[in-house]
Amino acid sequence: APPAGTHGTSSIPLAPAPDALVWDVSSFSLVDGHLVLMGRDEEASCRSRNRTGSSISESTNLHPAGSRRDPDLTADEKSSRGAGRSTESETPPTSQFSNVKGLLWKRLWERKGRGVPKAETPVVTVPDGESRNGSWESLLPPPSVAELDLTGDNVIVRPVHGSIVGEKFCFQIITGEGSRSFGCTSLAERDRWIENLRRTVQPNKDNCERLELALSLWVYEARDLPPRRRLRCHLHLDGTLFARTTAKVAGPDGELFWGELFQLAALPPARALTLALCRDDNPGQPVASITVPLAELAAARQPLERWYPLSGPGGGERVPSVRVRGRYREVRVLPIVRYKELAEFITFHYRELCARLEPTIAVRHKEELAGALVRVLQSTGKAKSFLIDLGAAELDRFDDREALIFRENTLATKAIDE
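Report follows, based on the coordinates. (Residues numbered from 1 in each chain as written. Predicted model: local features only at pLDDT ≥ 70, side-chain atom pairs only at ≥ 80, totals over all residues. Heavy atoms only, no water.)

## Remarks on the pairing of strand 2 (residues 28-31)
Reasoning step 1: In this structure, strand 2 lies alongside strand 3 (residues 34-37), joined through four bridges in antiparallel fashion. Residue F28 lies in a different strand from strand 3, and its bridge partner there is L37.
Reasoning step 2: Where strand 2 hands over to strand 3, the hairpin turn is made up of two residues, of which D32 adopts a positive phi near 50°. (Pairing = 2+ DSSP bridges. Helix = DSSP H or I, 4+ residues; strand = E, 2+ residues; numbered from the N terminus.)

## Thoughts on the pattern of salt bridges
Reasoning step 1: In this structure the tally under the stated criterion is 16 salt bridges.
Reasoning step 2: Here R199 and E195 are joined by a salt bridge, their closest N and O atoms 2.6 Å apart. Of the two residues, R199 and E195 both sit in helix 6 (residues 187-201), four residues apart, roughly one turn of that helix.
Reasoning step 3: Under the relative-accessibility criterion, R199 is labelled partly exposed at 32%.
Reasoning step 4: On the basis of relative accessibility, which here comes to 28%, the residue E195 falls in the partly exposed class.
Reasoning step 5: Each of the salt bridges in this network shares a partner with another, and the network as a whole consists of E195, R199, K205 and D206. (Salt bridge = Lys/Arg side-chain N within 4 Å of Asp/Glu carboxyl O. Buried < 20%, exposed > 50% of the residue type's maximum accessible area, 1.4 Å probe, protein only.)

## Notes on the packing of helix 8 (residues 340-357) against helix 9 (residues 363-379)
Reasoning step 1: Running from N to C, helix 8 and helix 9 point in directions that differ by 155°, and their axes come no closer than 10 Å. Between helix 8 and helix 9, the angle falls in the class roughly antiparallel. Pair helix 8 / helix 9 crosses with left-handed handedness. Where helix 8 approaches helix 9, its residues A343, I346, T347, Y350, L353, C354 and L357 are matched on the opposing element by L369, L373, V376 and L377.
Reasoning step 2: Split into classes, the residues belonging to the contact of helix 8 with helix 9 amount to ten nonpolar, one polar and no charged. (Axes fitted to C-alpha atoms, helices over the stretch in contact; angles between N-to-C directions. Parallel < 35°, antiparallel > 145°, perpendicular 65-115°, else oblique. Left-handed = near helix turned anticlockwise from the far one by under 90°. Contact = heavy atoms within 4.5 Å. Nonpolar A, V, L, I, M, F, W, Y, C, P; charged D, E, K, R; others polar.)

## Comments concerning the packing of aromatic side chains
Reasoning step 1: In total, this model carries five aromatic pairs according to the counting rule given.
Reasoning step 2: When the ring of W23 is compared with that of F28, the centres are 5.8 Å apart and the planes differ by 80°; the resulting orientation is edge-to-face. Of the two residues, W23 and F28, neither departs from the other in class, the shared state being buried.
Reasoning step 3: When the ring of Y350 is compared with that of F386, the centres are 5.2 Å apart and the planes differ by 90°; the resulting orientation is edge-to-face. Of the two residues, Y350 is situated in helix 8 and F386 in helix 10 (residues 383-397); the sequence distance between them amounts to 36 residues.
Reasoning step 4: Classification of Y350 as buried rests on a relative accessible area of 5%.
Reasoning step 5: Through a chain of ring-to-ring contacts, the aromatic side chains of W23, F28, F171 and F182 assemble into a single cluster.
Reasoning step 6: Between the NZ or CZ atom of R180 and the centre of the ring of W23, over which it lies, the distance is 4.6 Å. (Phe/Tyr/Trp six-rings, centres within 6.5 Å; stacked < 30°, edge-to-face > 60°. Lys NZ or Arg CZ within 6 Å of the ring centre and 35° of its normal.)

## A word on the pairing of strand 14 (residues 282-293)
Reasoning step 1: The sheet contact formed by strand 13 (residues 272-279) and strand 14 spans eight bridges and is antiparallel. Along strand 14, the bridge assignment pairs L275 with I290.

## Observations regarding the nonpolar core
Reasoning step 1: Counting residues in each nonpolar core, the largest one holds 31 residues, and the members touching the most others are L215, V219, L235 and L273.
Reasoning step 2: Elements represented by at least two residues in this core include exactly strand 8 (210-223), strand 9 (230-237), strand 10 (240-244), strand 12 (256-264), strand 13, strand 14, helix 7 (294-299) and strand 16 (321-333).
Reasoning step 3: It is strand 8 that contributes the most residues to this core, five residues altogether.
Reasoning step 4: Residues within four places of L215 in sequence aside, it is in contact with L237, F262, Q263, L264, L267, L273, L297, R327 and Y328. (Core = buried A, V, L, I, M, F, W, Y, C linked by side-chain atoms within 4.5 Å.)

## Some points on the sheet that holds strand 1 (residues 22-24)
Reasoning step 1: Read from one edge of the open sheet, four strands run 1-7-6-5, paired in mixed fashion. The open sheet terminates on both sides in strands that have one partner only, identified here as strand 1 and strand 5 (156-160). When strand polarity is set aside, the average angle formed by the axes of neighbouring strands in this sheet is 35°.
Reasoning step 2: Against the sheet, helix 6 touches strand 5 and strand 6 (170-175), its axis set at about 165° to strand 5.

## A few points about the environment of I416
Reasoning step 1: Note on placement: I416 falls in helix 11 (residues 411-417).
Reasoning step 2: For I416, a relative accessible area of 16% corresponds to the buried category.
Reasoning step 3: Each C-alpha atom of the pair I416 and I388 lies 9.0 Å from the other, and the pair is 28 residues apart in sequence.

## Focus: the sheet that holds strand 12
Reasoning step 1: An order of 12-8-16-15 is seen for the four strands of this open sheet, with the pairing classed as antiparallel. Each edge of the open sheet is held by one strand with a lone partner, namely strand 12 and strand 15 (304-309). Averaged over all neighbouring strand pairs, the angle between strand axes comes to 20°, with direction disregarded.
Reasoning step 2: Relative to strand 12, strand 8 runs antiparallel, the two being bridged by seven bridges. Directly across from W218, in strand 12, lies its bridge partner L261.

## Topic: the state of the cysteines
Reasoning step 1: Following the criterion strictly, the structure yields zero disulfides and no others.
Reasoning step 2: C184 provides the cysteine sulfur closest to C170, a residue in no disulfide bond, and the two sulfurs are 7.1 Å apart.
Reasoning step 3: Unpaired in terms of disulfides, C278 finds its nearest cysteine sulfur in C233, a separation of 8.2 Å. (Disulfide = S-S within 2.5 Å.)

Dropping the structure here:
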C-alpha cells in the first residue's frame, strides 16, 4: 500500500483566508489530546494587528539559534533525528550548542599564549507564571471558553506563510469542523508547537512510512507588465493560495523586481503550481498567470530557473513573463527503526566520513550535508562533540592564517553556522 501523505482528505480549505483570525498560541494549552484556551476571554486571545497585506519574509536569516534553518530539509533527515538515541539524547539543544565557536577561539588564543577575554555571565530571567523547566501548564486555570479536539480523523497541522495572515510565525490546525490559525513569537516556538501537535494527532508517526512534500521557490522579477501598476505575484497549488509576494509598483518600462524566497513545507498532495500576477486593489482578478506542473520542478536534481511567459485576458503586443527558481521535493520517509544503523554509523564515524566527503562534494551540497549531520548527531547527543572536532581541525589547518578561520566554504563552517 502507498504511504500516507502529510495530510488526509478534508473539505476545509487548506490555506486560511487573508482576513482569517489569528489566535495567540500562548493562551492555549495541550491537555489530553485537546488544545484548550486557558482562562482568558476570546477577544483578548486574538491578535490585533495592522494588516498591510505585505509579504513577510521567513528566510533563513530570521531563524534563531538552535532552530531549524532550512525548511527544505529532507524528510529522511528529519526522521533520522530520533534514530539511535542514547542516554545523552536528553541533553537540551541549547546546552549542546552553547558558544561552540567561542570555545574554539578560546583554544586558539590559549595555543598562541594570548589572554582570554573574560566572558560575561548571562542573566536568565523567567517570566512571571512560567516555571524554570519551561512547564507552565500546571500554573494555568482550568480549561474554559474554547478547545479543539485533536483526536479525530484527518486532523491537519501545518505551517502558514506569513504573507497570507500578516504575521511571521503562524500555523494552522484543520479539523472536520473547520480551521484555526495560531501565531507564535518565534520560528523555534512555532516548530515546537507543530511537532508536539503532530505527535498528539499521530502518536506513532515515527513508526509509519509517509510522504512529505515541500516547495522552495524564488520569485525574482517580472517584465513587460502594465506600467505603474501595483502588483503581487500569488502562488497557488491546485487553485489554493499558499503565499504571495509584497505588493510593488511596476516601473514605466514594465519591469518589477521582488527577489523573495518562499519555503513551503508540509504541503498537501498537489499537481500544479500557478503563478498569478494580481493588482493589489483587485486580487480576485489576475492580470496574467502561468501554470507549471510540479512534476517539472520535481524532475530536476537542482532548482530549476527560467522565465515563464504569462497568459492573460485581452492580450497585447508584449507578453508579460516572470523569472522564478524553484524545486519541488517528494520525500518518502521510512519508519524510524530503518535509520538506526545509519545514525549509529554517523555517531561513531563522523570524522572519517567528513574527511572523505570534504574534498569530493561541491560547495552547494556542503550546507545541506552539514545541516543533516548536525541534526542527526543532535538526536544522539553528540552534536557538540561533532562541532568541536570539526572546529579544532579547522583551527589546525589555518593556524597561521586566522583571517580564513570559519570563513571558507568548509563543512566545519557550515555546521557551526547551522
